[in-house]
Amino acid sequence: MQVFLWAKEKELSDFGTLFIVATPIGHLGDLSFRAKTLLTEVSQIAAEDTRHSQRLLNHYGIHTPLFSLHAHNEHERSDQVIELLKQGQNIALITDAGTPLISDPGYPLVARCHKEEILVVSIPGPCAAIAALSISGIPCSRFSFEGFLPAKTAARENELSRLKEDERTLVFYVSPHRVVDELNDMIKVFGQDRLAALVRELTKQFETVLRGNLSDILKRLETDPNQLRGEMVLIISGLSKTSVMADNKQQEIEKMLRILLDECPLKQAVKIAADISGEKKNAVYAMALRLKKSIE
Ligand code: SAM
């Protein structure tokens, strides 16, 4: 199979080509046939963690030499890769899992290649963000990939505030050590009612999708520590116009309840507020209880 030579520019250049190759995010069977052939045929493979990637190559009987290109050496390594490409070598870039550059190393190298007029070709395949979106049951016609949120709470809250009014679905990579803190911050900034999906361990034995509003998901994590294991993508629906209306209505009911609770018993306050607003009694009752608690 001819993997390299269908790009017209390639025929016109003495330079080699940089191939950006997606690798499995769990299930080893997800390496594409084209990716396997390509990784066998290139001169060298730049890998984020050579020991990790060696296991994938061994699995497929690929003997191409590996060298490291990771977050801490990618600027200097990119110079060396550019030299190899200029000498006419074809080089593949892979990372530990999924598509390089997507919350992974590779951007400086690709940018350099474009500057030097070296051809960059994609060998597409797994990407956790896209796989998670496609099974989340949350609208994915328009979405914003946000990668990892900052580790520090203040910076994280700033970032979330910037996203609060975004109507697109939001996609985050989350680490199991931070997911509870992150969900708490999201509830603080977005409110607890946004529909979300926590997609865990894609393509692996314990692949799971937890769906519900943000507080349902948080509760589930707090009561079932198994749900805190492994790799995760968190998908959150964007701000909907109806949720803005619901927010406004909620604020009005809360205002009414504050006044009524000063004047009459809880049951009566709930009945009056429900009658005036047309909201279900149970929902108004829950709001009144929350208010009473916050007042006490
Ligand atoms: N470049 C990769 C891609 O295309 O998906 C992402 C690399 S980023 C350093 C690693 C993060 O991706 C993990 O912390 C997790 O949020 C997500 N991820 C990777 N593999 C996953 C999997 N099998 N299931 C769920 N999330 C995964």
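Provided above is the structure to which this section pertains.
A brief look at the structure comes next. Quick caveat, the model's predicted, so the values are computed rather than measured.

**Quick word on the sheet that holds strand 4 (residues 91-94)**
Taken in spatial order, the five strands line up as 3-2-4-1-5 in an open sheet, and their pairing is parallel. Across the chains shown, the open sheet's two edge strands, defined by having one partner strand only, are strand 3 (66-68) and strand 5 (120-123). Recorded for the sheet is a direction-independent mean angle of 25° between the axes of neighbouring strands. Note that strand 1 (residues 18-21) and strand 5 share four bridges and pair parallel. The partner of L18 across the bridge, within strand 5, is V120. Where helix 3 (residues 50-60) meets the sheet, it contacts strand 2 (44-47), strand 3 and strand 4, and its direction lies at approximately 155° from that of strand 3. Relative to the sheet, helix 5 (residues 107-115) contacts strand 1 and strand 5, its axis offset from that of strand 1 by approximately 150°.

**What about the pattern of salt bridges?**
With the rule as written, the count across this model stands at 13 salt bridges. Measuring nitrogen to oxygen at the nearest pair gives 3.3 Å for the salt bridge that ties E182 to R178. Where salt bridges share partners, they join D79, K86, R112 and E116 into one cluster.

**Digging into helix 4 (residues 74-86)**
The first and last C-alpha atoms of helix 4 sit 18 Å apart over 13 residues, in line with the 18 Å expected at 1.5 Å per residue. Buried residues of helix 4: E74, S78, V81, I82, L84 and L85, and no others. Considered in projection along helix 4, the buried side chains sweep an arc of 160° and stay on one side of the axis. Tucked inside the fold, the buried residues of helix 4 contact strand 1, strand 2, strand 3, strand 4 and helix 5. Positive backbone phi, at 100°, marks G88, one or two positions downstream of helix 4.

**With respect to the site of the ligand**
Not every one of the 19 residues close to the ligand is listed here, only the nearest: I102, D104, A128, Y173 and M232. Interatomic distance of 2.7 Å between a backbone N/O atom of A128 and an oxygen atom of the ligand. A distance of 2.8 Å is found between an oxygen atom of the ligand and a side-chain nitrogen or oxygen belonging to Y173. Here the ligand loses 90% of its free accessible area of 570 Å² to cover by the protein chains.

**Notes on unusual backbone geometry**
Here L101, not a glycine, exhibits a phi torsion of approximately 75°, which is positive. Residue position: L101 is located in the loop between strand 4 and helix 5. Look at L101 and you get partly exposed, because its relative accessible area is 27%. Of note, the phi angle at T203 is positive, near 65°, even though the residue is not glycine. The topology assignment puts T203 in the loop between strand 8 (195-200) and strand 9 (208-213). Overall, the relative accessible area of 25% leaves T203 in the partly exposed class.

Rules and cut-offs
- Residues numbered from 1 in each chain as written.
- Predicted model: local features only at pLDDT ≥ 70, side-chain atom pairs only at ≥ 80, totals over all residues.
- Heavy atoms only, no water.
- Pairing = 2+ DSSP bridges.
- Helix = DSSP H or I, 4+ residues; strand = E, 2+ residues; numbered from the N terminus.
- Axes fitted to C-alpha atoms, helices over the stretch in contact; angles between N-to-C directions.
- Contact = heavy atoms within 4.5 Å.
- Salt bridge = Lys/Arg side-chain N within 4 Å of Asp/Glu carboxyl O.
- Expected span 1.5 Å × (residues − 1).
- Buried < 20%, exposed > 50% of the residue type's maximum accessible area, 1.4 Å probe, protein only.
- Arc of directions from axis to C-beta.
- Near = heavy atom within 4 Å.
- Polar contact = N/O pair within 3.5 Å; in protein donor to acceptor, adjacent residues only side chain to side chain.
- Areas by Shrake-Rupley, 256 points an atom, 1.4 Å probe, with all protein chains shown as cover.

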